[in-house]
Each structure stands twice: as C-alpha cells, then as structure tokens.
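Structural description and commentary
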Amino acid sequence: MRALTYKNFCALEIGYALSKLSEICLNNANYVLEAVKFCGQSGIAHFRVSSSIFLLLTHPNLHLRISDLKDSKQIISGLRRAGRLAKSGGISLSFHPSQYVAIASADAEVREAAVRDINFNAEILDLMGANKNISNPINIHINRSPKSPDFIRDFESGISLLSSSARRRLSIENEDRGFWNTANLLKFLRPTKFR
C-alpha cells in the first residue's frame, strides 16, 4: 500500500498532486482486491481494510471525493470487484479507525473529523457491497472517560452526525485496561440506542 502526506501533497503543483493521489488510491484499491483474493485462496474469512487506504480524501482542507480523481472509475471498479469476491467467498470486511478517531471528544472539530473518517469508511464498504450491519463493522474506541463533563452530550452529538450506513455498522472496542471493559460497555451501550 502506498501513501501521500498532506505536506507532500501541498508541496506539489495541484494538477500533479491530484494525479499522484489518484494513482496512489488506484494502487491501494488494487491492493485491497489482491488481499481479498489472498484471503479467499487461504481460507481466511475476514479482512480488515486499512483506514488509511485513501487517507487524504477525508482531510478537512482538501474536500475531495473519489469521484474527483482521474482514476475514479477504475478505483470504484476495483473496490466493487473486491466486494463481490469477498461476498462470494464468505469473507467479511471491516474498518478499524485509529485511536485518534474520537467520536466522543470534547473538541467539536475532533468529533467532526472522526465523523468524516467513519462516514468515509462506511462509503467504502457501501461501494464494496458489504452488508450494512455489524457483520461488516467499523470498530472504534471511545477514548474518553464517562465521568468527563458533557461526555454523554458529546458522544451523542458525534453519533448523531454519522450516516445511517455508518451507524448500522458501528461497534465499540472494549479496553483490556481502563474504564471501557466489556462489562462497562454493556452497561452504557443499549443495543438500539444509537441506531
């Protein structure tokens, strides 16, 4: 998989930068297709798609979509092929955004960035034809103590901004150490509250 940082993107002439980003995204879509093929050939029933596959497409200063890229048709085609292959091979797909994707953050800008990332992950799963339920989860961390002031308000605010597709796939990871162990998650999260 290949990457392009925002700093490096900005250092390039805009036309060239967009062309390079498109080539990298196409490379990464093909990587996903090859990885799903490998899973099918190896009897692996689950593949976690990297959340950094199209990293700059959720950058707040760029406002880009896959459809803005010159290779968009091939990128989408590769994702759809990977999704069909996953479905026919009984391979579930997921995303696991980084710990810095904090939907319950006290900072509204951090919450909004988290929403962009999670919604984009859901868009990719939609393109791949993945089921809109937790059989194809987007697994996140809460990353904040429930004792923090306004925690519930901020958490619900973040959840409310998620697309229906993202909410239907959302799962919360328990912590081995810290407050959010399985017991506390079960107490806090009601199965249908945030759908």
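All values reported here derive from a predicted model rather than from experimental measurement.

Cut-offs and rules
- Residues numbered from 1 in each chain as written.
- Predicted model: local features only at pLDDT ≥ 70, side-chain atom pairs only at ≥ 80, totals over all residues.
- Heavy atoms only, no water.
- Axes fitted to C-alpha atoms, helices over the stretch in contact; angles between N-to-C directions.
- Helix = DSSP H or I, 4+ residues; strand = E, 2+ residues; numbered from the N terminus.
- Parallel < 35°, antiparallel > 145°, perpendicular 65-115°, else oblique.
- Left-handed = near helix turned anticlockwise from the far one by under 90°.
- Contact = heavy atoms within 4.5 Å.
- Nonpolar A, V, L, I, M, F, W, Y, C, P; charged D, E, K, R; others polar.
- Expected span 1.5 Å × (residues − 1).
- Buried < 20%, exposed > 50% of the residue type's maximum accessible area, 1.4 Å probe, protein only.
- Polar contact = N/O pair within 3.5 Å; in protein donor to acceptor, adjacent residues only side chain to side chain.
- Salt bridge = Lys/Arg side-chain N within 4 Å of Asp/Glu carboxyl O.

Observations regarding the packing of helix α2 (residues 14-42) against helix α3 (residues 72-88)
Two quantities define a packed helix pair, namely the angle between the axes and the distance from one axis to the other. One way to put it is that α2 packs onto α3 with a least axis distance of 9 Å and a crossing angle of 10 degrees. By the angle between their directions, the pair α2 and α3 is classed as roughly parallel. Every pair of crossing elements has a handedness; the one defined by α2 and α3 is left-handed. Of the residues in α3, those in contact with Ser22, Cys25, Leu26, Ala29, Val32, Leu33, Val36 and Lys37 of α2 are Gln74, Ile75, Gly78, Leu79, Arg81, Ala82, Leu85 and Ala86. When grouped by side-chain class, the residues that make up the contact of α2 with α3 number eleven nonpolar, three polar and two charged.

Description of helix α4 (residues 108-127)
In a regular helix each residue adds 1.5 Å, so 20 residues correspond to 28 Å; α4 covers 28 Å between its end C-alpha atoms and thus fits that length. The complete set of buried residues in α4 reads Arg111, Ala114, Val115, Ile118, Asn119, Phe120, Asn121, Ala122, Ile124 and Leu125. Where α4 is buried, its residues contact α3, β2 (92-95), β3 (138-140), α5 (151-160), α6 (164-169) and β4 (170-172). Sitting at the amino-terminal end of α4 is Asp107, which places a side-chain oxygen 2.8 Å from the backbone nitrogen of Glu109.

Brief notes about the pattern of salt bridges
Tallied over the full model, the rule gives nine salt bridges. Its salt-bridge partner being Glu23, residue Lys70 comes within 4.0 Å of it at the nearest N-O pair. With Lys70 in the loop between β1 (46-49) and α3 and Glu23 in helix α2, the pair connects residues that are 47 residues apart, well separated along the chain. For Glu23, a relative accessible area of 38% gives the class partly exposed.

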